[in-house]
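Residue-level structural notes
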Amino acid sequence: MSNPKGTALVTGASTGIGAVYADRLAKRGYDLVLVARDAGRLDAVAARIRKQADVSIEIIAADLTQEAALAQIEARLAKSDITLLINNAGMALQGSILENGSAELSRIVALNVTAPTRLAAAAGKAFLAKGDGAIINISSVLALVPEMFEGVYSGTKAYLLNLSQAMAAQLKDKGVYVQAVLPGATRTEIWEKAGRDPNSFPEGFLMEVDDLVDAALVGFDRKEAITIPPLHDESQFTAMLQARAAMAPNLSKSQVAPRYR
């Protein structure tokens, strides 16, 4: 018998945010397709989940920076059982744009931009065809404050926020829900991989990953287009959106603005 919840495909599922999403979605009754490079760690995640939830778990070891692997996941998303995509896989750089070479820059764009774009497109097409489905894109608060960090990582996350907002607007009346989640600094392995000690941050700065995902799922249940778990004063973000909306009619004109004459 088919699962009424369907199947959630989670990228970057071997650790951190992706692994917690896998746990929480299994407890909600979703079957799972877990995607990451490390098959051993995926097996460990699946074993933990199976002890707590009676769901089907499929494991796909795939490096999403590689064409063949990315095409494999696109094909899996096209199958009718997938109802939810968690676009979570991502990386940060060690150092700034000027301290990295071409290979590192190409890799972060491939993983943080190309892969989630193609997977969102594949999922979106499949969901649109059946009039149902959801996509969660894991962006970052750095999409809103690029000056706080090196610009390549924040730029990729700003792109993902932009993509999410456009897809949400285009698909919301067609049965497909798109949510962008903007974590702040979160206790995951991304810091060590980027050469940072997460314990060096000021007290109260770093959110635990379980709290982050649980809050993001509250936003998911509320059908929020954008969820920012650490932001207490929602009116600040609302004011920013209102200012952007007010500016929008003035962004394309046939005449140069008088201030530039």
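Note that the structure is predicted; figures quoted are calculated from it, not measured.

**Remarks on the packing of helix α3 (residues 67-77) against helix α4 (residues 102-130)**
It is at 8 Å that the axes of α3 and α4 come closest, and there the two elements cross at 20 degrees. In terms of axis orientation, α3 runs roughly parallel to α4. Crossing of α3 over α4 shows right-handed handedness. For the pair α3 and α4, contact is made by Glu67, Leu70, Ala71, Ile73, Glu74 and Leu77 and by Thr114, Ala115, Arg118, Leu119, Ala122, Ala123 and Ala126, respectively. Residues that form the contact of α3 with α4 fall into these classes: nine nonpolar, one polar and three charged.

**Examining unusual backbone geometry**
With the exception of glycine, most residues fall at negative phi, and the peptide bonds are largely trans. Phi is positive for Lys223, which is not a glycine, with a value near 60 degrees. Secondary-structure assignment places Lys223 in the loop between α7 (209-221) and β7 (226-227).

**Some remarks on the pairing of strand β2 (residues 31-36)**
Extensive coverage of β2 is indicated by the burial of six of its six residues. Neither face of β2 is exposed, since Asp31, Val33 and Val35 on one face and Leu32, Leu34 and Ala36 on the opposite face are all buried. Bridge analysis of strand β1 (residues 7-11) against β2 gives five bridges, and the strand direction is parallel. Within β2, the residue paired with Leu9 across the bridge is Val33. With helix α1 (residues 16-27) bridging β1 and its parallel neighbour β2, the resulting β-α-β unit is right-handed. When β2 meets strand β3 (residues 57-61), the two strands line up parallel, connected through five bridges. The residue of β3 that forms the bridge with Leu32 is Ile57. In this fold, the crossover linking β2 to β3 by way of helix α2 (residues 39-50) has right-handed handedness.

**Considerations on the pattern of salt bridges**
In total, this model carries eleven salt bridges according to the counting rule given. A salt bridge links Arg24 to Asp210, with the shortest nitrogen-to-oxygen separation between them at 3.0 Å. Taken together, the residues Arg24 in helix α1 and Asp210 in helix α7 connect sequence positions 186 residues apart. When its relative accessible area of 36% is taken as the criterion, Asp210 is described as partly exposed. Of the charged contacts, one joins Arg28 and Asp221 as a salt bridge, the two residues approaching to 2.8 Å between their closest N and O atoms. Of this pair, Arg28 sits in the loop between α1 and β2 while Asp221 sits in helix α7, and the two are 193 residues apart along the sequence. Judged by its relative accessible area of 29%, Arg28 falls in the partly exposed class.

**Thoughts on the packing of α4 against helix α5 (residues 151-171)**
Running from N to C, α4 and α5 point in directions that differ by 10 degrees, and their axes come no closer than 10 Å. Between α4 and α5, the interaxial angle falls into the category roughly parallel. Residues Leu105, Ile108, Asn112, Val113, Pro116, Thr117, Ala120 and Leu128 of α4 form the contact with α5, whose participating residues are Val152, Tyr153, Thr156, Lys157, Tyr159, Leu160, Leu163, Met167 and Leu171. A class-by-class count of the residues in the contact of α4 with α5 yields 13 nonpolar, three polar and one charged.

**Quick word on the pairing of β1**
For β1, a buried count of five out of five residues is recorded, marking the element as mostly surrounded by other parts of the structure. In this structure, β1 lies alongside strand β4 (residues 82-87), joined through four bridges in parallel fashion. By the bridge assignment for β4, Ala8 is matched with Leu84.

**Comments concerning the nonpolar core**
When a protein is soluble and globular, its nonpolar side chains tend to lie buried together. In this structure, Leu9, Val35, Leu64, Ile73 and Leu77 are the most contacted members of the largest nonpolar core, which totals 36 residues. Breaking this core down by element, the ones donating at least two residues are β2, α3, β4, α4, α5 and β6 (176-181). Looking at which element gives the most residues to this core, the answer is α4, with nine residues. Beyond its immediate chain neighbours, meaning those up to four positions away, Leu9 contacts Val33, Val35, Ile73, Arg76, Leu77, Ile82, Leu84, Leu85 and Ile86. Within the second largest apolar cluster, 34 residues are counted, among which are Tyr30, Ala46, Ile49 and Ala216.

Criteria and cut-off values
- Residues numbered from 1 in each chain as written.
- Predicted model: local features only at pLDDT ≥ 70, side-chain atom pairs only at ≥ 80, totals over all residues.
- Heavy atoms only, no water.
- Axes fitted to C-alpha atoms, helices over the stretch in contact; angles between N-to-C directions.
- Helix = DSSP H or I, 4+ residues; strand = E, 2+ residues; numbered from the N terminus.
- Parallel < 35°, antiparallel > 145°, perpendicular 65-115°, else oblique.
- Left-handed = near helix turned anticlockwise from the far one by under 90°.
- Contact = heavy atoms within 4.5 Å.
- Nonpolar A, V, L, I, M, F, W, Y, C, P; charged D, E, K, R; others polar.
- Buried < 20%, exposed > 50% of the residue type's maximum accessible area, 1.4 Å probe, protein only.
- Pairing = 2+ DSSP bridges.
- Right-handed = clockwise from strand over helix to strand, strands pointing away.
- Salt bridge = Lys/Arg side-chain N within 4 Å of Asp/Glu carboxyl O.
- Core = buried A, V, L, I, M, F, W, Y, C linked by side-chain atoms within 4.5 Å.

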